Amino acid sequence: MRHIKIKVRWREHAEAREMEGWVSMPKLELHAHLNGSISDSTLLELARPLGDHGVIDFSQVEHVILKNDRSLSEVFKLFDLIHILTTDHKSVTRITKEVVEDFASENVVYLELRTTPKKNDSRGMSKRSYMEAVLEGLRAVSSVDVAFIPYSEEEPRNISNPLHSQSNDKCCENTRKKIFVRLLLSIDRRETTEAAMETVMLALELRRFGVVGIDLSGNPVVGEWITFLPALKFAREQGLYITLHCGEVPNSKEIHDILDFLPQRIGHACFFEEEHWRKLKSSKIPVEICLTSNIRTLSVPTIDAHHFVDLYNEKHPLVLCTDDSGVFSTSLSNEYKIAASSFGLGKKEMFELSKNAIEFIFADNVVKKELRNFFNSAAKNLE
Ligand code: 6MZ
């Protein structure tokens, strides 16, 4: 009996040490939805007062939040519930702050956070004021320095910010951890062409606050590609970067249309057929891979059958991402752990995978250069 207990403890210890290794590895997160990345404890805290005021049935909501397995359609029902819990500016600011701090705590050094600007007349919320609340959240982060203003908008003296920023206090050589954050504004597939265009206009207006691009997301069985095309075309003409959810459900025509549009990146690529793979590979569009999300929503049958393997072997540009770390109870470090153990990749290969993503981030060359320098120094510490 004692023997078994020691064995279990030893295994737990080994697993914890392995996880520490993935947590300490510098990582880039390029596909994270703000409202999908909220921790369960924060969601429950936000739900409790609404339960007290009879707006929701708390015990029912608690059950839904803590449930682990969800189909794709259940995931979108959960988002509708999460959006009820985060409808005021204060909550939006809070979740932004917490989500950035969570990513920074696991050594994400560059984060592209995406969110759908929301209008809610009863709360006096416009898409613009929603985004102001998000920006307030970035400013409120205290555990790490957040660099979200593009260098072109900053004072020249700040340009040489390495990933450890120097304290303003000249007497102390205090260095603090730093995370680069850039924002993508999401168009929800439920939206009209006009609403999508409003989001693009807002993104253009907020470029100087670190908004770099547009995402198309939302329930993949809702809406038509043609509805969003004018806004996406306009966004591209204006120099915004574009990443599109693609192939989350079987929809051959839409997958072709999206690949023909040549976005700078796509997310998921689950229900691709031979012709789609050919097109994707010849265009070299980088793919944001979300392993746990794809498995939980049954978008891929098993981890062994995941298209990561083929794309990785063919050296197609790839980046591991969380999608919705709260909704799918994961973290980026956990996604690295899953990829390494499922596909037999070592520390060095995973480090390279992480570093290679620098080449398809949506930030400027100054940021890319700093990240490359940072990874090159970190490489020396790899065992
Ligand atoms: C498609 C997704 C998604 O924008 O309110 N979203 N869209 N596929 C997914 N994979 C399962 N995960 C999240 O964050 C939540 C919103 O992001 C989109 C959905 O539109 C969801 O309502 P924000 O911050």
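Anything mentioned here points back to the structure above.
Here we summarise the structure given alongside this text. (Residues numbered from 1 in each chain as written. Predicted model: local features only at pLDDT ≥ 70, side-chain atom pairs only at ≥ 80, totals over all residues. Heavy atoms only, no water.)

1. Notes on the site of the ligand
Reasoning step 1: Around the ligand, the surrounding shell holds 18 residues, and the nearest of these are His83, Thr115, Thr116, Lys118 and Asp324.
Reasoning step 2: At 2.5 Å, a side-chain N or O of Thr116 approaches an oxygen atom of the ligand.
Reasoning step 3: Gly218 is positioned such that a nitrogen or oxygen atom in its backbone is 2.9 Å from a nitrogen atom of the ligand.
Reasoning step 4: Alone, the ligand offers 510 Å² of accessible surface; in the complex the protein occludes 99% of this.
Reasoning step 5: Element by element, the count of residues in the shell around the ligand is highest for helix H4 (residues 72-85), at 3 residues.
Reasoning step 6: The residue inventory of the shell around the ligand, partitioned by class, reads 4 nonpolar, 9 polar and 5 charged. (Near = heavy atom within 4 Å. Polar contact = N/O pair within 3.5 Å; in protein donor to acceptor, adjacent residues only side chain to side chain. Areas by Shrake-Rupley, 256 points an atom, 1.4 Å probe, with all protein chains shown as cover. Helix = DSSP H or I, 4+ residues; strand = E, 2+ residues; numbered from the N terminus. Nonpolar A, V, L, I, M, F, W, Y, C, P; charged D, E, K, R; others polar.)

2. Some words on the packing of aromatic side chains
Reasoning step 1: The tally for this structure, following the rule as stated, stands at 9 aromatic pairs.
Reasoning step 2: For the pair Phe272 and Trp277, a centre-to-centre distance of 4.8 Å together with 45° between the ring planes defines the contact as tilted.
Reasoning step 3: When the centroid spacing of 4.7 Å and the interplanar angle of 10° are considered together, the rings of Phe308 and Phe343 count as stacked. Of this pair, Phe308 sits in helix H12 (residues 308-313) while Phe343 sits in helix H13 (residues 332-343), and the two are 35 residues apart along the sequence.
Reasoning step 4: Looking at Phe308, the relative accessible area reads 1%, which means it is buried.
Reasoning step 5: Under the relative-accessibility criterion, Phe343 is labelled buried at 17%.
Reasoning step 6: Feature note: the residues Phe308, Tyr312 and Phe343 constitute an aromatic cluster, connected by ring pairs.
Reasoning step 7: It is Arg265 that lies over the ring of Phe362; its NZ or CZ is 3.9 Å from the centre.
Reasoning step 8: Its guanidinium or amino end placed over the ring of Trp22, Lys347 lies 5.1 Å from that ring's centre, counting from NZ or CZ. (Phe/Tyr/Trp six-rings, centres within 6.5 Å; stacked < 30°, edge-to-face > 60°. Buried < 20%, exposed > 50% of the residue type's maximum accessible area, 1.4 Å probe, protein only. Lys NZ or Arg CZ within 6 Å of the ring centre and 35° of its normal.)

3. A closer look at helix H10 (residues 274-283)
Each α-helix turn comprises 3.6 residues. Residues three or four places apart therefore point the same way.
Reasoning step 1: Listed as buried for H10 are His276, Trp277, Leu280 and Lys281. Along the long axis of H10, the arc covered by the buried residues comes to 125°, so they all point the same way. Among the exposed residues of H10, those oriented more than 90 degrees off its buried face are Glu274 and Ser282.
Reasoning step 2: Looking at the packing, one finds that the buried side of H10 touches helix H9 (252-261), strand S8 (265-268), strand S9 (287-289) and H12.
Reasoning step 3: Directly beyond the C-terminal end of H10, a positive phi value near 60° is found at Lys284. (Arc of directions from axis to C-beta. Contact = heavy atoms within 4.5 Å.)

4. Thoughts on the pairing of strand S5 (residues 175-188)
Reasoning step 1: With 11 of its 14 residues buried, S5 lies for the most part within the structure.
Reasoning step 2: In the sheet, strand S2 (residues 108-115) pairs with S5 via 6 bridges, with the strands oriented parallel. Residue Thr115 lies in a different strand from S5, and its bridge partner there is Leu185.
Reasoning step 3: Here strand S3 (residues 145-147) runs beside S5; their pairing, made up of 3 bridges, is parallel. From the neighbouring strand, Ala147 faces S5, where its bridge partner is Phe180.
Reasoning step 4: Looking at chain direction, S5 and strand S6 (residues 211-217) are connected through 6 bridges and run parallel. The residue bridging Ser186 from the neighbouring strand is Asp215, located in S6. (Pairing = 2+ DSSP bridges.)

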